[in-house]
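# An overview of the molecular structure
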Amino acid sequence: MSNSHDNHGHGSHGEGHGHYIIPDATIYKTLGALLVLTGITVGLSFVHLGTWNFVVGMLVAAMKAYLVASIFMNLSHDDKSNSVIFVSGFFFLAIFIGLTAPDFLFRGDIFTEGKQIMLPVKGVSQFKRPWEPTPEIVAHGKAIFMQQCVSCHGPEGKGDGPAAAALVPHPRNFTSADGWGNGRKPSQIFKTLKEGRPGTGMASFATIPAEDRWTLAHYVASLGPNVLKDTPEDLKAAGVDTSKDTLGDTEAPSIPITAAMKILDAETAKDGLKGNIKPGHDDLEGYGERVEARTFNPNL
Amino acid sequence: MSHASVPAGKYNADNPAPHHFGHHFESAEHEFSSAKQGMWLFMVTEVLMIGAIFVGYLLFRLRFPEAFHEAHKELNVKLGALNTVILIISSATMVLGVTAAQRGNNRRSIGMLITTIFLGGCFCLVKYFEYTHKFHEGIFPGGLYHFEGLTVPHAPLFFSFYFVMTGIHAFHVVVGMCLITWIITRIKRGQISKEFFTPVELVGFYWHFVDLVWIFLFPLLYLLG
């Protein structure tokens, strides 16, 4: 500055010439405006305007963003092309939201409608002694049944769900005592849920936590013409230690349902069967993925 | 040029070296505007990166309004507002630092930049207290969540977004503080003058951008139920 360098010599021509320098007063005014707007956002959040809270909050944020970009980042005095570049980022973001939102929000079966079942936190049991039915346990089982089983077994468990017609053998009718393979006792239903019925449309539901499978078993058993009970021997055979209050971690690690479906497919193909799911049946298109999606872990 | 004979180390904040623009530019102005344009392009990539997470947040919020509403009450509005104010003031000290450098007032510029770093540090400190409090309660992202006080389904999803968004933002704050430190050393070495202040201005942009992101994060996470 005080030295005698020749700033107009070749190559050291100053860029400061004609460069807009924001006056201090403008900076302080902008700072004040930003702080006031922050106060407004915080204040507004205590007023209940419904969805308008969101709209107003975002508008105020956009105003703040505009102040920062146009004054602090000097876009208002800058080459227009830089504004175009910056705004184009938001333009592409808008396209992203515009295309993703309709897909995400209106694709019916990514998530089940209605009440979500909270999966128990690992190692913490929601129910004590889930192998002994209580009204709460049966109700919990019903809630899961309405999500996971109605497509085949029907809303009343009569084996008449929308997908039932395509399945050979047909899904079991729980209100009748006929035709049961594994049996109607809760411990036997529990076994069915864990292992599935190989070679039929009844896949393993081992991805559902054991505790929830017990609640399902009690709900299914409760639909029967007469409700069968487990003897202590039955429970022991099902791997329950009745001297404890919780289910032990006695289960082998489970495999995802899609993998189970693939194994099932491979098995039926090997056995020379045509496969028990008729191809091209709308309700069953992508069945495996849909089941997987339904077991979406709400903890994550 | 006379400066070629000046021994290294002679230049400092009060006596900066003259600047020579790269031989691939037509003029210093050309060099400056190219660098600036590059910075804006970089910021567009940042908008898109953070924007993607915003979109995820918004969609899941539309999907699970109750869960997000209940979960957001766990955040401390006072601390969030405090951090908003800190960042806004730091943005102002940043511009003051940049304009001081543009006017050739390098000492004032250093003072403003140090204040900016200090405010960035305050922001991180507040964030640190917020995080440790959450961890203490068992509020962790995703499957690690084990907070007994809030068991609404999908509440952990809110906190996954909270930690990822504020975590990425805090990372940017720390990077910004490092960049400002780098700028200060360059000023001290006499590499910044009123003829050449490109790095100061570009780091300033970066810092304002970090502020911009927080301007949206704060209402989205802390305020809007």
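Every value quoted in this text rests on a predicted model; they were computed, and no experiment measured them.

Reading the values: the criteria
- Residues numbered from 1 in each chain as written.
- Chains lettered and ligands numbered in written order.
- Predicted model: local features only at pLDDT ≥ 70, side-chain atom pairs only at ≥ 80, totals over all residues.
- Heavy atoms only, no water.
- Helix = DSSP H or I, 4+ residues; strand = E, 2+ residues; numbered from the N terminus.
- Buried < 20%, exposed > 50% of the residue type's maximum accessible area, 1.4 Å probe, protein only.
- Contact = heavy atoms within 4.5 Å.
- Areas by Shrake-Rupley, 256 points an atom, 1.4 Å probe, with all protein chains shown as cover.
- Buried area = accessible area lost by both parts, 1.4 Å probe.
- Salt bridge = Lys/Arg side-chain N within 4 Å of Asp/Glu carboxyl O.
- Polar contact = N/O pair within 3.5 Å; in protein donor to acceptor, adjacent residues only side chain to side chain.
- Phe/Tyr/Trp six-rings, centres within 6.5 Å; stacked < 30°, edge-to-face > 60°.
- pLDDT = per-residue confidence, 0-100.
- 1 Å grid on protein atoms, 1.4 Å probe; cavity = no way out; pocket = protein on both sides within 12 Å on 5 of 7 lines; lining within 4 Å.
- Points joined across faces, edges and corners; volume = space filled by probe spheres on them.
- Nonpolar A, V, L, I, M, F, W, Y, C, P; charged D, E, K, R; others polar.
- Patch = residues over 30% accessible without salt bridge, like charges linked within 9 Å, V, L, I, M, F, W, Y side chains within 5 Å.
- Arc of directions from axis to C-beta.
- Disulfide = S-S within 2.5 Å.
- Core = buried A, V, L, I, M, F, W, Y, C linked by side-chain atoms within 4.5 Å.

Helix and strand content of chain B: six helices and zero strands. In sequence order, the secondary structure elements of chain B are arranged as α-α-α-α-α-α. Looking at chain B as a whole, 60% of its 225 residues qualify as buried. Counting contacts in chain B only where the partners sit at least 6 residues apart, residues at least 24 apart contribute 79% of the total. Taken as a whole, chain B presents about 8,800 Å² of accessible surface, with 67% of it coming from carbon and sulfur.

Time to look at the overall build of chain A. The helix and strand tally for chain A stands at ten helices and zero strands. Scanning chain A from its N terminus toward the C terminus, one meets helices and strands in the order α-α-α-α-α-α-α-α-α-α. Here chain A, with 300 residues, has 39% of them falling under the buried criterion. Long-range pairs, those at least 24 residues apart, make up 62% of the contacts in chain A with a sequence separation of at least 6.

Glancing now at the interface of chain B and chain A. In this assembly, 73 residues from chain B lie in contact with 64 residues from chain A. Between chain B and chain A, the buried area comes to about 6,100 Å², and carbon and sulfur atoms account for 73% of it. In this assembly, chain B and chain A are joined by three salt bridges. Two residues, Lys36 of chain B and Asp78 of chain A, come together in a salt bridge whose shortest N-O distance is 3.2 Å. Run the count over chain B and chain A and you get four residue pairs in polar contact (both at pLDDT 80 or more).

Turning our eyes to something else, we now look at the packing of aromatic side chains. All names here are of chain B. Following the criterion strictly, the structure yields 29 aromatic pairs over all chains and no others. Aromatic pair Phe32 and Phe197: ring centres 5.8 Å apart, planes at 70°, arrangement edge-to-face. A residue pair is termed long-range when its members are at least 10 positions apart, and Phe32 in helix α1 (residues 28-63) and Phe197 in the loop between α5 (155-188) and α6 (198-223) qualify at 165 residues. Side by side, Phe32 and Phe197 carry an identical accessibility label, which is buried. Among the aromatic residues, those joined into a cluster by ring pairs are Phe123, Tyr131, Phe135, Phe140, Tyr162, Phe163, Trp214, Phe218 and Tyr222.

What follows covers the confidence of the model for chain A. Residues and elements named next belong to chain A. For chain A, per-residue confidence averages 75 on the pLDDT scale, and 70% of positions sit at 70 or higher. Contacts from residues 1-17, a stretch scored under 50 in pLDDT, to residues over four places away or in other chains number 36 contacts. The low-confidence segment residues 109-124, where pLDDT is below 50, has 40 contacts with residues more than four positions distant or belonging to other chains.

Turning our attention to empty space enclosed by the protein. Applying the stated criterion across every chain yields a total of five cavities of 30 Å³ or more. If you go around the largest cavity, the residues you meet are Ile22, Phe72 and Asn74 of chain A together with Val95, Val98, Thr99, Gln102, Glu201, Gly204, Phe205 and His208 of chain B. Breaking the lining of the largest cavity down by element, the ones donating at least two residues are α3 (77-102) and α6 of chain B. Sorting the residues of the lining of the second largest cavity by element identifies α1, α5 and α6 of chain B as the ones contributing at least two each. Class assignment of the residues belonging to the lining of the second largest cavity gives a composition of seven nonpolar, one polar and no charged.

Among the residues of helix α6 (residues 186-195) of chain A, those classed as buried are Pro186, Ser187, Ile189, Phe190, Thr192 and Leu193 of chain A. Trailing α6 of chain A by a residue or two, Gly196 of chain A shows a phi angle of about 75°, which is positive.

On to the pattern of salt bridges, then. Using the criterion set out here, one finds twelve salt bridges over all chains in the structure. The partner of Lys244 of chain A in a salt bridge is Asp241 of chain A, with the nearest N and O atoms 3.4 Å apart. Accessibility expressed as a relative area gives 44% for Lys244 of chain A, which makes it partly exposed. One salt-bridge network, held together by shared partners, links Asp24 of chain A together with Arg103 and Arg108 of chain B.

Attention now goes to a nonpolar patch on the surface. Taken together, the side chains of Val47, Leu49, Trp52, Val55 and Leu59 of chain A define a hydrophobic patch exposed on the protein surface, amounting to about 460 Å² of accessible area. Along the chain, Val55 of chain A falls in helix α2 (residues 51-72).

Moving on: helix α2 (residues 65-72) of chain B. Residue and element names in this part refer to chain B. Taken together, the buried positions of α2 are occupied by Ala67, Phe68, Ala71 and His72. Buried residues of α2, seen end-on, are gathered within an arc of 120° and therefore sit on one face of the element. Each element contacted by the buried residues of α2 is listed here: α1, α5 and α6.

It is worth spelling out the state of the cysteines at this point. Residue and element names in this part refer to chain A. Enumeration over the complete set of coordinates arrives at zero disulfides over all chains. No disulfide involves Cys149; its sulfur sits 8.6 Å from that of Cys152, the nearest cysteine. Under the relative-accessibility criterion, Cys149 is labelled buried at 12%.

What follows concerns the environment of Val200 of chain B. Residue and element names in this part refer to chain B. Along the polypeptide, Val200 turns up in helix α6. Val200 sits 17 residues away from Ile183 along the chain, and the two C-alpha atoms are 6.2 Å apart. Once residues lying within four places of it in the same chain are set aside, the contact partners of Val200 are Met94, Val98, Ala101, Ile183 and Ile192.

One finds Met73 and Phe86 of chain A together with Phe68, Phe158, Phe159, Phe209 and Leu221 of chain B to be the most contacted residues of the largest nonpolar core, which totals 97 residues. If you tally residues by element for this core, the top one is α6 of chain B, at 18 residues. Setting aside residues up to four positions removed in sequence, Met73 of chain A forms contacts with Val68 of chain A together with Trp40, Met43, Phe205, His208, Phe209 and Leu212 of chain B. With 23 residues, the next largest nonpolar core counts Trp131, Cys149, Leu193 and Ala217 of chain A among its residues.

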